[in-house]
Amino acid sequence: MSNRIEEKIKELNNKGEKAFITYITAGLPDMKVTKKLIKAKEMAGIDIIELGIPFSDPTADGPVIQQASYEALLAGADINKTFTLVEELRKENVIVPIIFMLYYNTILSMGIEKFIEKCNKSGVDGLIIPDLPFEEQGKINAALAKNDETILIQLISPLSEDRIPMITENARGFIYLVSSMGVTGQSANFHKEIVNYIKKVKKASKIPVMMGFGIRTPKDLENVSDIIDGAIVGSHFINILRESDFNINVATEYIKDFKYQINHM
Amino acid sequence: MDNNKTYYGEFGGRFVSESLMNTLKEIDEAFEKAIKDESFLKEYHYYLKDYVGRETPLYFAKRLSEKYNTKIYLKREDLNHTGAHKINNVLGQILLAKKMGKKRVIAETGAGQHGVATATAAALFNMECKVFMGKEDIIRQAPNVMRMEMLGAEVVSVESGSNTLKDATNEAIRYWSKTAEDTFYIIGSAVGPYPYPKMVKEFQSCISREAKAQHLKAEGRNPDVVMACVGGGSNSIGMFAEFIDEKDVELIGVEAAGKGIDTDEHACVLSIDTSKLGTLHGMKSYLLQDENGNIKLAHSISAGLDYPGVGPEHSFLRDSKRATYVGITDKEAMEALKELTRLEGIIPAIESAHAIAYGIKKAKEMNKNQSMIICLSGRGDKDLNTITDYFAGKGYLN
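Keep in mind the model is a prediction, meaning the values are calculated, not measured. (Residues numbered from 1 in each chain as written. Chains lettered and ligands numbered in written order. Predicted model: local features only at pLDDT ≥ 70, side-chain atom pairs only at ≥ 80, totals over all residues.)

Colleague: So what exactly am I meant to see when it comes to the overall build of chain B here?
Modeller: A tally of helices and strands in chain B yields 15 helices and 14 strands. Rg of the C-alpha trace for chain B: 19 Å, near the compact-globule value of 21 Å for 398 residues, within the 12% margin. Structurally, chain B occupies a C-alpha span of about 55 × 50 × 40 Å along its principal axes. When each of the 398 residues of chain B is scored for burial, the buried share is 62%. Residue pairs in contact within chain B that sit at least 24 positions apart in sequence constitute 74% of those at least 6 positions apart. (Helix = DSSP H or I, 4+ residues; strand = E, 2+ residues; numbered from the N terminus. Rg over C-alpha atoms; globule rule 2.2 N^0.38 Å. Buried ≥ 20, exposed ≤ 12 C-beta atoms within 10 Å, placed from the backbone. Contact = placed C-beta atoms within 7 Å.)

Colleague: Can you help me understand the nonpolar core in this one?
Modeller: One recurring pattern in soluble globular proteins is that nonpolar side chains are buried together. The biggest cluster of nonpolar side chains holds 206 residues, and the ones touching the most others in it are A:Tyr176, A:Leu177, A:Met210, B:Val105, B:Val226, B:Met227 and B:Ile374. Among the elements that make up this core, the one with the highest residue count is helix α14 (residues 350-363) of chain B (8 residues). (Core = buried A, V, L, I, M, F, W, Y, C linked by C-beta atoms within 7 Å.)

Colleague: Looking at this structure, I do not really get the interface of chain B and chain A. What am I missing?
Modeller: Contacts between chain B and chain A engage 29 residues on the former and 32 residues on the latter. Listing elements by their share of the side of chain B that touches chain A, those giving two or more residues are β2 (11-15), α1 (21-34), α8 (165-179) and β11 (276-280) of chain B. Per element, the largest residue contribution to the side of chain B that touches chain A is 6 residues, and it comes from α8(B).

Colleague: Please clarify how the sheet that holds strand β7 (residues 154-158) of chain B should be interpreted in this entry.
Modeller: In a beta sheet, neighbouring strands pair by backbone hydrogen bonds and run either parallel or antiparallel. All names here are of chain B. Read across the open sheet, the 4 strands follow the order β7-β6-β5-β8; overall the sheet is parallel. Of all the strands in the sheet, just β7 and β8 (183-185) have a single pairing partner and so form its edges. The average angle at which neighbouring strand axes cross in this sheet is 25°, direction not considered. Two strands pair when backbone bridges link them, and strand β5 (residues 104-109) and β8 are joined in this way by 3 bridges, in the parallel orientation. Residue pairing in the sheet places Arg 104 in a bridge with Thr 183 of β8. (Pairing = 2+ DSSP bridges. Axes fitted to C-alpha atoms, helices over the stretch in contact; angles between N-to-C directions.)

Colleague: I'm lost on the confidence of the model for chain B in this one. Help?
Modeller: As a general rule, the predicted coordinates of low-pLDDT regions are not to be interpreted in detail. Put simply, chain B has an average pLDDT of 95, and 99% of its residues get 70 or more. Predicted complex, confidence summary: ipTM 0.96, pTM 0.96. (pLDDT = per-residue confidence, 0-100.)

Colleague: I would appreciate a short explanation of helix α9 (residues 196-204) of chain B in the present structure.
Modeller: In an α-helix, one turn spans 3.6 residues; hence positions three or four apart end up facing the same way. When you tally the buried positions in α9(B), you get 8 out of 9 residues, the bulk of the element. Among the residues of α9(B), B:Tyr196, B:Pro197, B:Lys198, B:Met199, B:Val200, B:Lys201, B:Phe203 and B:Gln204 are the ones counted as buried.

Colleague: What should I look at first to understand unusual backbone geometry in this one?
Modeller: Both trends apply: most residues other than glycine have a negative phi, and most peptide bonds are in trans. With omega at 5°, the peptide bond leading from B:Arg54 into B:Glu55 counts as cis. Looking at where B:Glu55 falls in the secondary structure, it is placed in the loop between α2 (38-52) and β3 (58-60). Look at A:Asn93: it is not a glycine, yet its phi comes out positive at around 65°. Even without a glycine there, the phi angle at B:Thr82 is positive, about 75°. Mapped onto the fold, B:Thr82 is located in the loop between β4 (71-76) and α4 (86-99).

Colleague: Looking at this structure, I do not really get the pairing of strand β13 (residues 323-329) of chain B. What am I missing?
Modeller: If a strand is regular, its side chains alternate between the two faces of the sheet. Residues and elements named next belong to chain B. Among the 7 residues of β13, 5 are classified as buried, and the element is accordingly described as predominantly covered. The pairing of strand β10 (residues 250-258) with β13 spans 7 bridges and is parallel. Across the sheet, Gly 253 pairs through a bridge with Tyr 325, a residue of β13.

Colleague: What is the right way to look at the packing of α4(B) against α9(B) in this model?
Modeller: Relative placement of two packed helices is described by the angle separating their axes and the distance separating the axes. Residue and element names in this part refer to chain B. As a packed pair, α4 and α9 sit with axes 8 Å apart at the nearest point and diverge in direction by 115°. In terms of crossing hand, the pair formed by α4 and α9 is right-handed. Between α4, through Asn 88, Asn 89, Gly 92 and Gln 93, and α9, the contact on the second element is made entirely by Met 199, Val 200, Phe 203 and Gln 204. For the contact of α4 with α9, a count of residues per class yields 3 nonpolar, 5 polar and no charged. (Left-handed = near helix turned anticlockwise from the far one by under 90°. Nonpolar A, V, L, I, M, F, W, Y, C, P; charged D, E, K, R; others polar.)

Colleague: Got a minute to help me understand the domain arrangement of chain B in this structure?
Modeller: Size of an interface, as often reported, equals the accessible area lost when the parts are brought together. All names here are of chain B. Domain parsing of chain B yields domain 1 (22-48 + 86-200) and domain 2 (53-83 + 205-391). Averaged C-alpha coordinates put domain 1 and domain 2 at centres separated by 23 Å. Contributions of two or more residues to the side of domain 1 that touches domain 2 are made by α4, α5 (113-124), α6 (135-140), α7 (142-150), α8 and α9. The residue makeup of the side of domain 1 that touches domain 2, split by class, is 13 nonpolar, 14 polar and 4 charged. (Domains from an automatic or database assignment.)

Colleague: Help me out: how do you make sense of the sheet that holds strand β7 (residues 175-178) of chain A in this one?
Modeller: Residue and element names in this part refer to chain A. The 9 strands lie next to each other as β5-β4-β3-β2-β1-β9-β8-β7-β6, forming an open sheet whose pairing is parallel. Strand pairing shows two members of the sheet lacking a second neighbour, β5 (151-152) and β6 (154-156), which therefore form its edges. Direction of pairing for strand β3 (residues 98-101) relative to strand β4 (residues 126-128): parallel, over a ladder of 3 bridges. The partner of Phe 100 across the bridge, within β4, is Leu 127.

Colleague: It is not clear to me how the UniProt feature "modified residue: N6-(pyridoxal phosphate)lysine" (unreviewed entry) in chain B should be interpreted in this structure. Could you clarify?
Modeller: Residue and element names in this part refer to chain B. The positions that UniProt labels "modified residue: N6-(pyridoxal phosphate)lysine" (unreviewed entry) are, in the present scheme, Lys 86. As for its placement among the helices and strands, Lys 86 is situated in helix α4. Take Lys 86: there are 32 C-beta atoms within 10 Å of it, and that puts it in the buried class. The contacts of Lys 86, once residues within four sequence positions are left out, are Gln 113, His 114, Ala 117 and Gly 188. (UniProt positions renumbered as here; feature names shortened; annotations may be inferred.)

Colleague: Teacher, can you tell me more about the UniProt feature "active site" (unreviewed entry) in chain A here?
Modeller: Residues and elements named next belong to chain A. The sites that carry the UniProt feature "active site" (unreviewed entry) are, in the present numbering, Glu 50 and Asp 61. Its location among the elements puts Glu 50 in strand β2 (residues 48-52). Judged by C-beta crowding, with 24 C-beta atoms within 10 Å, Glu 50 ranks as buried. Not counting residues within four places of it along the chain, the set of residues in contact with Glu 50 comprises Ile 21, Thr 22, Tyr 23, Ile 99, Met 101, Ile 128 and Ile 232. On the secondary structure map, Asp 61 appears in the loop between β2 and α3 (63-74). Exposure remark for Asp 61: the 25 C-beta atoms within 10 Å place this residue in the buried category. Once residues lying within four places of it in the same chain are set aside, the contact partners of Asp 61 are Gln 66, Ser 69, Val 183 and Thr 184.

Colleague: Can you help me understand the packing of α2(B) against α4(B) in this one?
Modeller: Residue and element names in this part refer to chain B. For the pair α2 and α4, interaxial distance at closest approach is 10 Å and the crossing angle is 140°. Considering their axes alone, α2 and α4 lie oblique with respect to each other. The hand of the α2/α4 crossing is right-handed. Counting all contacts with α2, which are made through Phe 40, Glu 43, Tyr 44, Tyr 47, Leu 48 and Val 52, the residues of α4 involved are Ile 87, Asn 88, Leu 91, Gly 92, Leu 95 and Lys 99. In terms of residue class, the contact of α2 with α4 is made up of 8 nonpolar, 2 polar and 2 charged. (Parallel < 35°, antiparallel > 145°, perpendicular 65-115°, else oblique.)

Have a look at this one:
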């Protein structure tokens, strides 16, 4: 079986479209709402969903996602319940690619083999693990290599420089280009060399390059929209949800508008 | 860099975001060069001697030895400038930071000792300094906050998660990943991504280098037992370093058992049967965690041992059976603190009192011709409020 993310990338390439990806924290405010949101996001035309697994010590995240993670944990969210959620969504014919964004200890705690097996079975298409750099990926790659259902997404940062060829060489799906130094949610404060940096990554990569960290509106992408293949919004999307008390219509409008604008800039 | 060199057996590694990988590589290169560089070492040893006051004495605790019928030596790290072993490592790292052209240093702190040491060195070398400290610890350790601010450091209150050392470390890592281009993170314990555990060991190994020679001079041989308290494990790895290859020397690390290892309130990571491997703060090591891999809160009366993980080399030393790890409760530590104070006129830090407490237990298995060295990692001045409240039966903040 092929991979849903890679299928989606093919589809976007054929249509000549840029991708729009949003992040939500699983279990914020509870799993029922998370489920409703994922369905609504799919209906609104989101290309890929990044689903955060709450963790006690999210060192790659800024205040918004830290707080979301903390509240979700208090509300009882955990990895097993999130697997169940994805399984249910797949049974209910939700086909949008879902990527787990999680910290490595959540995987180690369950055991790498068992974790990957559960990803394959429940319908998790990709993994983003912010504290697992290239050099430490050997064990998880061995477990992922058994089939195509789940793939590992590679991250690149403004300081990656000489590491870019190594990281992009066998990367799958898309490259997650981190727009700035630091953590998530720092409001459009992109790295000073952002354009050159993206160009370097684009040159090395055979797969699309999606930019994330600090993006709020399509306008934030004015200077880079020509060169990136898609955008990822996390903290700001959580803020929008909170401000509207998790109103599905507000989320839907935001996604539709962003997806339209990023393709008409 | 060969990834294998970042590991101690299966422990260690670099579990950090991609944005820090080149920074770690730069630090590793600068560090390896520095410790082979005569002029760097000369400068480092100059400050250890004339600023810190090394070498520290290996004091024969006569009354304690008589009472427990074995020779007990105390390595007096409490006599260092700033009151603990922490300064040994901070000076090494700040000299490295300076060499690398960094403008700012940051640190995490729990009890405040590492923060004070970092603020002190930053004043000495005229560098900007930010210390991340949990909101709870800022209240518990007010005098150390005042010292840091007096020294010109900015103390950043961390208000996320449990508001303690673990969260201060998280926040320091976040700040570092934003500013790594001009900021050096001085980690205070033998934890973190490689090369930090190796650096901390290197800069703390003066403890055992001196102690080994001092003991040889006094007794004409190696000690039978070497002991130190273990939170993240910096004074203990420094105390063990020169003895690891001396197989006749028994190495014992003493963890904080808080209210008891059968309760949920302790900080024992290695001295329990159910140690669980995981990744936190850039390293793979044993950690206190729940069934989903979320990190649990550690508990100890001593803020310096109150950490839910342990340095990777300690995990390796335990699993390879080169060192053993034991737990001492709050109560046992406080009794030992009183004993040392009354018998020897030394008020130890509560952290170090844990090692004294196990030393007293261990002495009962030993004879009068045998000897042990206990690392007295810090002095008790910072703990006076906690000590007074504890003995007045008022309990303590934690």
